[in-house]
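# Descriptive structure summary
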Amino acid sequence: MTTGLEIVRAVRRGEMLAEEALEHCIARIEVTDARVNAFTDGSFSRAVDEARAIDARRARGEVLPALAGLPYAVKNLFDIQGLTTRAGSTVRNGEPAASADAVLVQRMHAAGAVLVGALNMDEFAYGFTTENTHYGPCHNPRDLTRIAGGSSGGCGAAVASGQVPVTLGSDTNGSIRVPSSLCGVWGLKPTFGRLSRRGTFPFVASLDHLGPFARCVEDLAATYDAMQGPDPLDPGCHAQRVQPALAQIGNSLQGLRIGVLGGYFDDNAGPSARKAVDIAAHALKATRGVAWPDAALARVAAFVITASEGGSLHLPMLRERAAEYEPLSVDRFIAGALQPVEWYLRAQRFRRIYRDQVLRLFNEWDVLLTPATPVPATPIGTEQFDLNGRSVPARPSMGLLTQPISFAGCPVVAAPLWPDGKQALPLGVQVIAAPWREDLALRVARALESANIACSPIAGI
Amino acid sequence: MPDPRSLDVTDYVRTTARFLELPLSDAQVERVAEHLARTRELVSALRATPLLPEDELAEIFQPAPFPAQDPT
């Protein structure tokens, strides 16, 4: 399959029907998904209608919108009109179907994109592995015995296996960047407050972000641009206007101050992760050893806020149906619901100081680099892995390097690198910019792609 | 002899869960207490971080947007 924007251009020129592009995707899903388990729901009938509508508009000579004919899928926590939003759970099976699409799905529809279905995830987004007990684990297309990462595991796997060129996921503590890293695809976690979250099932209102996955930076930026816009009905959407990024991704890097994070981030990076960031740093002539403030404390504070808000959100349902929750996360939800409020308040107060420290760092730097995961994808079922001689719990430790960054709300592109060769497992590098500067992160990401340092080929499955 | 620190976490879990009307089996109480005890260890660094009275929450309630213009 070609990239998303190649499909859009082919549809616009009349070289391909949107319905043909969709048929290619559906065929690829049918061939691969029994092994990958990325999809939880198909919306093929709706997709055919959307694709035919695009083809009809072209036949009438209309100017087509920016993503006309682009097939995509969304994490199972986005509302899709007519489907129950299960968020990877079974306890929501009896809930009414969504009466409207999520805001970002509405914006993708307005841009002409074609919604193919919903994707596997950790239940209620509480996890980094997508080992979903109810719907089965999502398998990494780069090695089907390994995890796809999470919690947006289906998003990473669907893109890596060539089922769809673009997916939409969510990231609270790393849930876009971890699967991007482990599946070898591009991911964008925008600035906290950039994109509307209305119409998605929440996890942690103080930390939830939404964003796209893709196999090239151009698709990532085009999708991101199409989804931008203020939303006064989402209290967490702080963007006042659209700031398009696609047109700027090819701009020169001259004058950009690019650094590599040391300290905590180096200590928690395994050999492949260090190699990945070294490759990117060398290509970008980045300065080593930049100190990010209070990363370890930020991770603790993010952990506490996640547990408290997530536990509080689910407390009413936990009282009645805890036994039906994901066994891998239910005890953490309960523990979160019982946390002392003093911990939560300290974490939120610390966050304000932390934000100011991080903003000061970006007076000296434009873009900072660090690995997205400590290690490449682990085998499904792994309980512990070795991190520089320490045995660490596998599931929470996949977020060691992402949590401190999202806690500050900075935009990050996860760039797919191949530190051990293109035949081995990928590992992503986080390209981090100051809040509201997605354009810089995407520009540096595009430079890595142009230099063939980072790339996302379709997995050969 | 149980570790006294884990014992008080178990008591805390049992009591707080009852207060919140969250039914837990003995096995669940033990598992949740393990999580909470680990979190308590992690939080010790956060609790030791000095915070001044003016270090308020990251998100502050705003009754209405600040007016763009002064009233005439």
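Turning next to the pairing of strand S13 (residues 367-371) of chain A. All names here are of chain A. Within S13, 5 of the 5 residues are buried, leaving the element largely enclosed by the surrounding structure. Residues Val-367, Leu-369 and Pro-371 line one face of S13 and the alternating positions Leu-368 and Thr-370 line the opposite face, and both faces are buried. Looking at chain direction, strand S11 (residues 258-261) and S13 are connected through 3 bridges and run parallel. When the sheet's bridge partners are listed, Ile-258 is paired in S13 with Val-367. Pairing between S13 and strand S17 (residues 427-433): 5 bridges, direction antiparallel. Bridge pairing links Pro-371 to Val-429 in S17.

Turning to the interface of chain A and chain B, a few remarks are in order. Counting from both sides, the interface comprises 27 residues of chain A and, opposite them, 24 residues of chain B. Listing elements by their share of the side of chain A that touches chain B, those giving two or more residues are helix H10 (295-321), helix H11 (330-337) and helix H12 (341-361) of chain A. Counting residues per element, the side of chain A that touches chain B draws most heavily on H12 of chain A, at 10 residues. Classifying every residue of the side of chain A that touches chain B gives 16 nonpolar, 3 polar and 8 charged.

All names here are of chain A. Burial along strand S9 (residues 186-189) is two-sided: Trp-186 and Leu-188 and Gly-187 and Lys-189, pointing in opposite directions, are all buried. By the bridge criterion, 2 bridges tie S9 to strand S10 (residues 209-214) in an arrangement that is antiparallel. Looking at S10, one finds that Gly-187 is bridged to Phe-213. When S9 meets strand S16 (residues 412-417), the two strands line up antiparallel, connected through 3 bridges. Bridge assignment links Lys-189 to a residue of S16, and that residue is Val-412.

When pLDDT is averaged along chain B, the result is 85, and 79% of the positions lie at 70 or above. Quick note on the complex model: pTM equals 0.95, ipTM equals 0.85.

Along the chain, Ser-206 of chain A falls in the loop between S9 and S10. On the basis of neighbour counts, which here come to 20 C-beta atoms within 10 Å, the residue Ser-206 of chain A falls in the buried class. Separated by 100 residues in sequence, Ser-206 of chain A and Thr-306 of chain A place their C-alpha atoms 8.3 Å apart. Ignoring sequence-local partners within four residues, the contact set of Ser-206 of chain A consists of Ile-305 and Glu-309 of chain A together with Glu-59 of chain B.

Okay, unusual backbone geometry next. Residue and element names in this part refer to chain A. Here the amide bond leading from Gly-150 into Ser-151 is cis, since omega sits at 10°, within 30 degrees of zero. Look at Phe-124: it is not a glycine, yet its phi comes out positive at around 55°. Looking at the element boundaries, Phe-124 is found in the loop between strand S3 (114-119) and strand S4 (131-132). The phi torsion at Ala-125 lies on the positive side, around 70°, for a residue other than glycine.

Below, the discussion takes up the nonpolar core. Side chains that are nonpolar tend, in soluble globular proteins, to be buried together. Membership of the largest hydrophobic core comes to 162 residues, with the highest contact counts inside it found for Trp-186, Ala-301, Ala-415, Val-431 and Ala-441 of chain A. With 11 residues, H10 of chain A is the largest single contributor of residues to this core.

Thresholds, definitions, all that
Residue indices begin from 1 for each chain and proceed along its sequence in written order. The naming scheme follows written order: chains are lettered A onward, ligands numbered 1 onward. A pLDDT threshold of at least 70 governs which residues receive local features in this predicted model, and a stricter bar of 80 or more applies before side-chain atom pairs are shown or counted, although totals over entire chains, interfaces and linings include all residues. Any residue whose C-beta has 12 or fewer other C-beta atoms within 10 Å is treated as exposed, any with 20 or more as buried, and any in between as partly exposed, C-beta atoms being built from the backbone. The helix count covers DSSP runs of H or I at least four residues long, the strand count covers runs of E at least two residues long, and both are numbered beginning at the N terminus. Pairs of strands are assigned from DSSP output, requiring at least two bridges between the strands. Contact between two residues is assigned when their C-beta atoms, built from the backbone, lie within 7 Å. Put simply, Ala, Val, Leu, Ile, Met, Phe, Trp, Tyr, Cys and Pro go in the nonpolar bin, Asp, Glu, Lys and Arg in the charged bin, and everything else, Gly too, in the polar bin. The pLDDT score gives, residue by residue, the confidence of the prediction method on a 0 to 100 scale. Any set of buried Ala, Val, Leu, Ile, Met, Phe, Trp, Tyr and Cys residues joined through C-beta atoms within 7 Å is what this text calls a nonpolar core.

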